[in-house]
Every structure is written in structure tokens, then in C-alpha cells.
Amino acid sequence: MMVKKKSEDTSCKDPAPQKKQTLVADSSKVTTSAQASPTCQKELMSPKCKVAIITGGATGIGFSTACHLLKNCARHVIITGIDSGEGESAVEQLEERYGDNKVTFVCGDVKNPAHFEGLFEMACEAFGGTDILFNNAGILQDKSWGNEVDVNVKGVIIGTLLAFKYMGKDKGGKGGLVINNASIAGLHPLPGAPVYCITKHAVIGATLNFGHKFHYQTTGVRVCAICPGSTSTDVTENVCENQLTPEWGKEAERQIFLKPAQSPDVVGKAVMYILRQARSGTIWVVHNNILKFVEIPNRHKISTFVKEFTAC
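Values in this document were obtained by computation on a predicted structure and should not be read as measured data. (Residues numbered from 1 in each chain as written. Predicted model: local features only at pLDDT ≥ 70, side-chain atom pairs only at ≥ 80, totals over all residues. Heavy atoms only, no water.)

Participant: So what about the packing of helix α4 (residues 145–167) against helix α5 (residues 194–210)? Which residues, and what values?
Facilitator: Contact pair α4 / α5: the axes reach a minimum separation of 9 Å and the direction vectors enclose 15 degrees. Looking at the two axes, α4 sits roughly parallel to α5. In this structure, α4 crosses over α5, and the sense of that crossing is right-handed. On α5, the residues touching Trp-145, Glu-148, Val-149, Asn-152, Val-153, Val-156, Thr-160, Leu-161 and Phe-164 of α4 are Val-195, Tyr-196, Thr-199, Lys-200, Ala-202, Val-203, Ala-206 and Phe-210. Tallied by class, residues from the contact of α4 with α5 come to 12 nonpolar, three polar and two charged. (Axes fitted to C-alpha atoms, helices over the stretch in contact; angles between N-to-C directions. Helix = DSSP H or I, 4+ residues; strand = E, 2+ residues; numbered from the N terminus. Parallel < 35°, antiparallel > 145°, perpendicular 65-115°, else oblique. Left-handed = near helix turned anticlockwise from the far one by under 90°. Contact = heavy atoms within 4.5 Å. Nonpolar A, V, L, I, M, F, W, Y, C, P; charged D, E, K, R; others polar.)

Given below as C-alpha cells:
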């Protein structure tokens, strides 16, 4: 496990004035749908002075979320990834914009429980604990579906259980927030990449279960899911080549790019809204620059009677 720029800073100060960010779309806006959403009238959490862990945080959605956290005066952000070069570059960019001793990069794999627990231990030692976990790391590679399942599902489960362990009020923590990146593929079929789609449906299931009031009332840890639509990230690069057959790859690519991809910056803004307002166990879609709450229907309300059977 490689650590870049581990900070000994324990202050919580507003960031230095920011330079223009070339990797975000400042003109993009996130709006909230008019339908009723399960949010609290009062702010549930402020990013200010918070410590966050972001998996897959060196690029794309993870990087943009780190930008927004630091822009909103987060105390420190720990980002992870498997590419040390990308991680070092991300640290340099973030500290240039928001000041020194604001970011730590740790090279490692979310499939590895020891690596993941090391992130929480690092946060405890340096900052007294973690407030936010963004389970963002994911891959779209059905050709390597075993690894895909491990990263997309196992990584989320490991991270959430560790968040309960280190952040849970029942374990001596302060409570906090877990946000899972479920992708919009967690809510509808993606037949060209069926295994990826299955993993994202599993993340929705993980969020509904770990975010249930049974757990929240004990741990004080909110668990929510964000489901981005097509977004300009490296996850969607080489989609066609990374699926189980060329035909499946073409279908996956066609469906993913039906509409122009949104900026990762839009997703970062949506994460900030969820952080501040969303109740535990809720599911949110951000697609075409619009944020919407998704209500998973109760099966009793949508079931249609077909036939009653008599046991022998």
C-alpha cells in the first residue's frame, strides 16, 4: 500500500482562493425534481471540517466529488485507486486549488479488506475518525466478470461494514454517511453488459438493506445511493471491447451513449445535495444534469393477482 502526501495537519480552515477548474463544467447545474423527496428540512450534514474517504477518487466522479468537498471546506479527503500516477496527479491538482495538507492518496484495491481497513485506521490516527465514505470505485468489464463482481459488489460491502465499525455510534463513533455509486444501470436492464448491470442492482440492494432504519437507528450512519446516468469518465472507455462478445459490447455502447454524457462535476454537485439532505436508505438518479429521487415501489402495491394454489 503506497501513501502519497499523508497529512499531519489537524487544522480546519477554509481553503485558499481557487483557480479556475478546467476539469469541471461550471455552467452545468443540478436541479431537483418537483416530486416529493425523502429529505430533511434541516441540513443533516455539512461538508465543513469533515473527513472523507473516496474510492476511485483520482479521476472522474470521485475526483469531482473531492473537488466539491474541499471547495466546501472539508478538513481532509483520502482518495484511493490502483494507478499511483493518477493518484499523484490528483493530489497535485487538488492541493494546487485548495491548499496543502488537504488530500492523501493511497494506492490499493477495494477488494482487499486489509487495504480498506487501513484507510479508516489512517483517518482515525491522523484526524480522529471518518465522517464520509463514498464507495465510488467500479469497473464496466464483463469480459473479466469475476473481478468486476469483486470490485463492484464486494468492495461496497467491505466498505460499508467498515464504515459501521469505525463510524457507528454503537461502536463509539459519531455516525456519518456512506454513499454508494450504483449507476443508473442499477435501476434498469443493460443487456449488453449483464454482469455489470447485476452488480449495480446489487448495490441498490445493499443500500436499501444497510440504509434501513434497523441499522441507522443503531449506528447513526446514513447509507444512500447515487445512480449517475451516462457520465464522461474512464469507466465508459473501451466499453465495446470489454464485454463478453463483440455484439454485446456494441449493444452496451449503444445504450450507454443514447444521450450525451454529463460532466462528472454534475455528479459531484449531486453528491453534495445527498450529503446535506438525503435520508438513509434513499436512491437518487442524476441524469442529463437533473437530480431525481427514486422510490422503489412496495411489491404489495404493484402486484396483480393471478391464481391461488391449494397445498396437497
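Participant: Break down helix α7 (residues 246–256) for me, citing the residues and quoting the values.
Facilitator: Among the residues of α7, Gly-249, Ala-252 and Ile-256 are the ones counted as buried. Buried residues in α7, looked at end-on, bunch into an arc of 65 degrees, giving them a common side. For α7, exposure combined with an orientation more than 90 degrees from the buried face picks out Glu-247 and Lys-250. (Buried < 20%, exposed > 50% of the residue type's maximum accessible area, 1.4 Å probe, protein only. Arc of directions from axis to C-beta.)

Participant: Talk me through unusual backbone geometry; I want residue IDs and the actual numbers.
Facilitator: Of note in this structure, Cys-49 is not a glycine but carries a positive phi near 65 degrees. Relative to the helices and strands, Cys-49 is located in the loop between β2 (31–32) and β3 (51–54). Its relative accessible area of 33% is what places Cys-49 among the partly exposed residues.

Participant: So what's going on with the pattern of salt bridges? Residues and values would help.
Facilitator: On inspection of all chains with the given rule, the structure shows six salt bridges. For Lys-111, the salt bridge goes to Asp-109, with nearest N and O atoms at 2.5 Å. Glu-117 is paired through a salt bridge with Lys-165; the nearest N and O atoms lie 2.6 Å apart. Within this pair, whereas Glu-117 is found in helix α3 (residues 113–127), its partner Lys-165 is found in helix α4, the two being separated by 48 residues in sequence. (Salt bridge = Lys/Arg side-chain N within 4 Å of Asp/Glu carboxyl O.)

Honestly, it's all geometry; don't read function into it.
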